[in-house]
2 protein chains.
Amino acid sequence: MPKPSPKKFCVNKVRTYIEGSSQDIKVPFEKLTLSNDETLLLYTVKGQSDDPRQMPKIRENWQSKEASANRFKVKKTQLDYAKEGKVTKEMEYVAIRESYKYGNEMAFTPDDVKNAISRGVAVIPANINHPEAEPMIIGTDFSVKVNANIGASSLSSNFDEEISKLHKSLEFGADTVMDLSTGIKDLTSLREAILRASPVPIGTVPVYEALDRAHGDINALTWDLFKQTVIDQARQGVDYFTIHAGLVSSLLPHAARRILGIVSRGGSIMANCMVRRDEENMAYTHFDELLEICHDYDVALSLGDGLRPGCLQDACDKAQYGELETIGKLASRCYDAGVQCFIEGPGHVPLDRVEENQRVQEKFCHHAPFYTLGPLVTDIAPGYDHITSAIGGSLIASYGTAMLCYVTPSEHLALPTPDDVKTGLITYKLAAHAADLAKNLPGAILRDNAMARARAEFRWHDQFALSLDPDHAYEVWKSQMPDECETRGHQPSYCSMCGPRFCPIRLNRFLQEKYGVK
Amino acid sequence: MPKPSPKKFCVNKVRTYIEGSSQDIKVPFEKLTLSNDETLLLYTVKGQSDDPRQMPKIRENWQSKEASANRFKVKKTQLDYAKEGKVTKEMEYVAIRESYKYGNEMAFTPDDVKNAISRGVAVIPANINHPEAEPMIIGTDFSVKVNANIGASSLSSNFDEEISKLHKSLEFGADTVMDLSTGIKDLTSLREAILRASPVPIGTVPVYEALDRAHGDINALTWDLFKQTVIDQARQGVDYFTIHAGLVSSLLPHAARRILGIVSRGGSIMANCMVRRDEENMAYTHFDELLEICHDYDVALSLGDGLRPGCLQDACDKAQYGELETIGKLASRCYDAGVQCFIEGPGHVPLDRVEENQRVQEKFCHHAPFYTLGPLVTDIAPGYDHITSAIGGSLIASYGTAMLCYVTPSEHLALPTPDDVKTGLITYKLAAHAADLAKNLPGAILRDNAMARARAEFRWHDQFALSLDPDHAYEVWKSQMPDECETRGHQPSYCSMCGPRFCPIRLNRFLQEKYGVK
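Sequence order sets the numbering: in each chain, residues are counted from 1 along the sequence as written. As a convention, the first chain written is A and the first ligand written is 1, with the rest following in written order. Totals for whole chains, interfaces and linings use all residues, but because this is a predicted model, local features are given only for residues with pLDDT of at least 70 and pairs of side-chain atoms are given and counted only at 80 or more. In computing side-chain properties, one takes all heavy atoms of the structure into account and sets aside hydrogens as well as water.

Examining the domain arrangement of chain A
Residues and elements named next belong to chain A. Definition in use: These domain boundaries are the output of an automatic or database domain assignment. By definition, residues are in contact when any of their heavy atoms lie within 4.5 Å. Buried area adds together the accessible area that both of two parts lose upon being put together, with accessible area traced by a 1.4 Å probe.
As assigned here, chain A comprises domain 1 (13–103), domain 2 (122–438) and domain 3 (446–514). A straight line from the C-alpha centre of domain 1 to that of domain 2 covers 24 Å. Across the boundary between the two partners, domain 1 contributes 38 residues, which contact 43 residues of domain 2. Buried surface at the junction of domain 1 and domain 2, summed over both partners, amounts to about 3,300 Å²; 57% is from carbon and sulfur atoms. Three residues, Val45, Arg59 and Arg71, lead the burial of domain 1 against domain 2; their summed loss comes to 21% of the area buried on that side.

Overview of unusual backbone geometry
All names here are of chain A. Which entries qualify depends on this criterion: Secondary structure elements follow DSSP: runs of H or I of four or more residues count as helices, runs of E of two or more count as strands, with numbering from the N terminus. We call a residue buried when its accessible area falls under 20% of the maximum for its residue type, exposed when it is over 50%, and partly exposed in between, using a 1.4 Å probe and counting protein chains only.
Put simply, Pro346 and Gly347 share a cis peptide bond, and its omega is 5 degrees. The topology assignment puts Gly347 in the loop between β13 (341–345) and α13 (354–365). We note that His412 has phi near 75 degrees; this positive angle belongs to a residue other than glycine. You can see His412 is positioned in the loop between β15 (403–405) and α15 (418–438). You can call His412 buried: its relative accessible area is 15%. Unusually for a residue other than glycine, Asn440 sits at a positive phi of about 55 degrees. Using a relative accessible area of 56% as the deciding quantity, one classes Asn440 as exposed.

Here we look at the packing of α15 of chain A against helix α14 (residues 385–398) of chain B
To be explicit about the condition: Note on method: axes are straight lines fitted to C-alpha atoms, helices fitted across the in-contact stretch only, with angles between N-to-C directions ranging 0 to 180 degrees. Any angle that is under 35 degrees is reported as roughly parallel, and any over 145 degrees as roughly antiparallel; angles of 65 to 115 degrees are reported as roughly perpendicular and all others as oblique. Helix crossings fall into two classes, left-handed where the near helix is turned counterclockwise from the far one by less than a right angle and right-handed where it is turned clockwise.
It is at 10 Å that the axes of α15 of chain A and α14 of chain B come closest, and there the two elements cross at 45 degrees. If you check the angle between α15 of chain A and α14 of chain B, you find them oblique. Here the hand of the crossing between α15 of chain A and α14 of chain B comes out right-handed. Contacts between α15 of chain A and α14 of chain B pair Thr427, Leu430 and Ala431 of chain A from the former with Ile387, Thr388 and Ile391 of chain B from the latter.

A closer look at the side chain of Asp175 of chain A
Residue and element names in this part refer to chain A. Looking at the secondary structure, you find Asp175 in the loop between α4 (159–171) and β9 (176–179). You can call Asp175 buried: its relative accessible area is 2%. In contact with Asp175, other than residues within four places in its own chain, are Tyr43, Val45, Met136, Val144, Lys145, Val146, Val200, Pro201 and Lys429.

Quick look at the sheet that holds strand β1 (residues 12–19) of chain A
Residues and elements named next belong to chain A. Applicable threshold: At least two DSSP bridges between two strands are required for those strands to pair.
One open sheet accounts for 3 strands, arranged β1-β2-β3; its pairing is antiparallel. Of all strands in the sheet, those with a lone pairing partner are β1 and β3 (39–43), marking the two edges. Neighbouring strand axes in the sheet, compared pairwise and without regard to direction, differ in orientation by 40 degrees on average. In this structure, strand β2 (residues 26–33) lies alongside β3, joined through 5 bridges in antiparallel fashion. Paired with Thr33 across the two strands is Thr39, which belongs to β3. Packed on one face of the sheet, helix α2 (residues 89–101) meets β1, β2 and β3 and runs near 15 degrees to β2.

Digging into the interface of chain B and chain A
Note the threshold: Throughout this description, the term salt bridge denotes a Lys or Arg side-chain nitrogen within 4 Å of a carboxyl oxygen of Asp or Glu. Here a polar contact is taken to be a pair of N or O atoms separated by no more than 3.5 Å, where protein atoms must pair a possible hydrogen donor with a possible acceptor and residues adjacent in sequence count only if both atoms sit in side chains. As a working rule, the residues Ala, Val, Leu, Ile, Met, Phe, Trp, Tyr, Cys and Pro are called nonpolar, Asp, Glu, Lys and Arg charged, and the rest polar, with Gly in that last group.
Listed as interface residues are 112 residues of chain B and, on the opposing side, 112 residues of chain A. Summing both sides of the interface, chain B and chain A together bury roughly 9,300 Å²; the carbon and sulfur share of this comes to 67%. At the junction of chain B and chain A, the tally comes to 2 salt bridges. Put simply, chain B and chain A have 18 residue pairs in polar contact (both at pLDDT 80 or more) between them. Here the residues of the side of chain B that touches chain A are counted per class, giving 60 nonpolar, 34 polar and 18 charged.

Looking at the packing of aromatic side chains
Operational definition: Here a Phe, Tyr or Trp ring, Trp counted by its six-membered ring, pairs with any other such ring whose centre lies within 6.5 Å, and the pair is stacked when the planes are under 30 degrees apart, edge-to-face when over 60, and tilted otherwise. Charges are assigned to positions over rings by a cutoff of 6 Å between ring centre and Lys NZ or Arg CZ, combined with an angular limit of 35 degrees from the ring normal.
The tally for this structure, following the rule as stated, stands at 28 aromatic pairs over all chains. Ring centres of Phe9 of chain A and Tyr474 of chain A lie 5.2 Å apart, and the angle between their planes is 35 degrees; this geometry places the pair in the tilted category. You can see Phe9 of chain A sitting in the segment before β1 and its partner Tyr474 of chain A sitting in helix α18 (residues 470–478), a full 465 residues away along the chain. The residues Phe9 of chain A and Tyr474 of chain A share a single accessibility class, namely buried. Through pairs of rings, three or more aromatic residues link up here, namely Phe9, Trp460, Phe464, Tyr474 and Trp477 of chain A. If you follow Lys26 of chain A out to its NZ or CZ, it ends over the ring of Tyr17 of chain A, 4.6 Å from the centre. The residue whose ring lies beneath Lys83 of chain B is Tyr335 of chain B, and the NZ or CZ to ring-centre distance is 4.3 Å.

Some remarks on the environment of Ala116 of chain A
Residues and elements named next belong to chain A. Here Ala116 lies in helix α3 (residues 110–118). Residue class for Ala116 comes out buried when judged on its relative accessible area of 2%. Expressed as a C-alpha distance, the spacing of Ala116 and Ala220, which sit 104 residues apart in the sequence, is 41 Å. Each residue touching Ala116, except ones within four places of it in the same chain, is listed here: Val121, Ala122 and Phe142.

Regarding the pattern of salt bridges
Under the criterion given, the structure shown has 64 salt bridges over all chains. Across the pair Lys89 of chain A and Asp24 of chain A runs a salt bridge whose closest N-O atoms are separated by 2.7 Å. Residue Lys89 of chain A is found in helix α2, and its partner Asp24 of chain A is found in the loop between β1 and β2; the two are separated by 65 residues along the sequence. The salt bridge involving Arg191 of chain B is made with Glu209 of chain B; its shortest N-O contact spans 2.8 Å. Highlighted residues: Arg191 of chain B in helix α5 (residues 187–197) and Glu209 of chain B in helix α6 (residues 206–213), separated in sequence by 18 residues. Since its relative accessible area comes to 3%, Arg191 of chain B is described here as buried. For Glu209 of chain B, a relative accessible area of 6% gives the class buried.

Section: the relation of the copies chain B and chain A
The condition is simple: Our superposition of the copies is a least-squares fit, built on the C-alpha atoms of residues whose pLDDT is at least 70 in both.
Laying chain B over chain A is done by rotating through 180 degrees and shifting 0.0 Å along the axis; what remains is an RMSD of 0.0 Å. Taken together, the rotation angle and the small translation identify this as a two-fold axis. Proximity to the rotation axis, assessed at the C-alpha, singles out Ile391 of chain B in chain B; its C-alpha lies 2.4 Å from the axis. Taken together, the interface assignments show that 100% of the residues at the interface of chain B recur at the interface of chain A, consistent with an identical surface on both copies.

Examining helix α15 (residues 418–438) of chain B
Residues and elements named next belong to chain B. Quick note on the threshold: One less than the number of residues in a helix, times 1.5 Å, gives the span that helix is expected to have.
In this model α15 runs 30 Å from its N-terminal to its C-terminal C-alpha over 21 residues, within 8% of the 30 Å that 1.5 Å per residue would give. In terms of burial, α15 is a largely internal element, 19 of the 21 residues being buried. Just beyond α15, the residue with positive phi is Asn440, at close to 55 degrees.

Let's talk about the pairing of strand β14 (residues 370–373) of chain A
Residue and element names in this part refer to chain A. Going by this rule: We call a crossover right-handed when, viewed with the strands running away from us, the connection from the first strand over the helix to the second turns clockwise.
Neither face of β14 is open: one carries Phe370 and Thr372, the other Tyr371 and Leu373, and all of them are buried. Of the crossover connections in this fold, the one passing from β13 over α13 to the parallel β14 is right-handed. Of the crossover connections in this fold, the one passing from β14 over helix α14 (residues 385–398) to the parallel β15 is right-handed.

Next comes the structure, spelled out in structure tokens:
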């Protein structure tokens, strides 16, 4: 990760660890100390290495495993252990992480985590061959997570830029990262570099690489080729796969009648295989084989919504809900096979039908974690779809969606730049936090309250330190303030919004004196 | 308004008029013709003048009026006429404007408008001395409106910059504009320039100027001085006033106990007058006099929430709801006096209590239009508060809030720049439109569907033309596309997100052929 530029404001933030029941469970946090000596622990996904290209293999010796080619296989998945009632180190790690995220020692016990996993309502994506990944949990009962998509396409981006996007993603708090690269030569080595540098779970859509291996020829994209791609990626260490197995052929006529048909890339590839070869979805017909591969490495399945609506008019139709119903049945098969799974969701949905989407998913998928892309609540704001989608995303997360896939400002127009990655992530971190607050997670409001107190007391530098994007907040503030406000000793009791004379915050002091408060 | 830079993409958009029952009712729209000859009428607030400093006085001879100093007084307000069952030209204008906004000739009749006004559930802010203002309506049954705040402070901004912010506001669709200038010398002439250049209603907070006239001395801010300021601004042509009359002294102890006390500038000024002089709120005690002034010029009252919460922890407390209950009683007095009014709301509210805020307002204020500032759904994202607030704003508008006051990216940090005005407005236009869609306003989805069809058919230039910010959408798209895609004849059937090989949209054509669709 590039070194942050020297701060022009005071921020006292150091890495600290909360230890678990054994020496090798050490969960990193950032400990923020404010100018009034108040402290907050902040959840971090930045990892624990000084070399951003190589993260420590913290889980190297945590699980029983067996050799497989030049990698390892698991004996049991997290789900297998949970069903047996066994608390793994991963579960304990996650319990500490979730509890201290919002400053509450007792919020989640390792048993809570185990129980959630055992019921299939939460997932810890952690491939045995990605020991750098710090365990994290995706589930309604826990804090809302954010995924960042990165990935090169044949038209845009290159190796260095993708690694730089990974680092941006970590810097701004991505809980997982999906590598959606297609059409470049070094897919395998790019993914290897990403895995070794990533302390967060990495997801992929294996059919992208399979089609690359088939040189873009749909007819050459056979089950054997697809399966081999899945095996190779699983062995390499990918933590979760998006597989569009629920897009069965009976749903295609419904999709064909839409304005925008199929907008999922993976779904479109599967559909084209089906239509051109007049056969059923191979991921559906061979689902048991996929489960076997995923079980071997404890890869989680992200059951893809190949028929997610691409515009408001297409939302909540027979194609979308029909696929979701099929996915629900596949989710049960995952559960029975000991494979962790979660469910992908839309997409584009009008604001008044967002809650319905969550409830339908819960019904069909037995409360397996929901993982949505937004949803966008209008189609007419390209260039601002990080916002149209954060509106739907924060709302559906407040109703129970466990993870949000970010959308960047370049959605519908171009491949995101590193700056877009940053903007998309900050937007989704605030949306996810708004949902945590709405879910009344214990302690979720502590940071907001620390911010409010810093505002009340004109502790500007503390306000920046408490922000999701401290440097940016500082730059905006500084742009209109006189130079003498630079140093910590001279934090002014006003800002340029109202100027010195009209500051209501300062005038509050009279009110408090009058009524004998504080 | 500055001339738009020459478009690098094709857009066919011309001003057109829908005529009413008499010659002087001509409602401007922008008629957009797409490359497939599809047409859409777009609502416009840009006015009808080629000289952006001087808009035509379209309402100059619409109402009975009488001379007052060098200006005019009304004989009856829009509310008076509506109560008598009389449809005014303003009401007919608004019916056309609302109906055609979403392409539906029959959606609203002049009688619908009259009935809404007569029940006090909608407002047409239109001062007799601001004949340049094109009538627009604020009410739950109609499309959601957006207000943009502009205004200089003593630390930042100047005359030209404020006029430039007005033009930016109009360019990006502000339905009303509030001039919140304080602490500068030429408040009156700045306001005069804004009124003459504005085809949208202008709002102010008169107590800001009153305190300026008192040279910042709270003790010199007497009722006589305040009243004279209100009279002068009303006579000048301000269309609505924010008056913090509901902040009565019994509520102050509740406010003092908050983390952030009072964050409303106007509310803080009133509170300080009360505390320092140990007297009741002068706008409350002299409310009948204020009503008389507002009635003289048909100024609408925006009953200000001086006790809106400044952080999540302060939301929905006794201070906020106590003030709202008082405001509800004042709203009844407005109604009885023939003065149009609407109600200001928060502020900072957790996502799970947004609906409650709307319902409580309806109960206390008899469905008078609600006008909220966001609300922001988290406090930890300064620099991104246009987004934190658009989340709460779109949601509360979907529940019935009639107008949203925009929040810019510089909120909590600095005075907005013209670029911030633009970003804030686009963000709020998309939030308001998302709410219109959620309210199922007839025809609201037409533009979204036109966008979806343009996407399905790779009509990129049509996509830009249909966007809330066409230039920006084009720039993002173009930044990663090869040069030969420049001209209309060569719109590529892919974009840089997936590259040529993987475009799912293009692959849909096979699907449609297979199933015989279109």
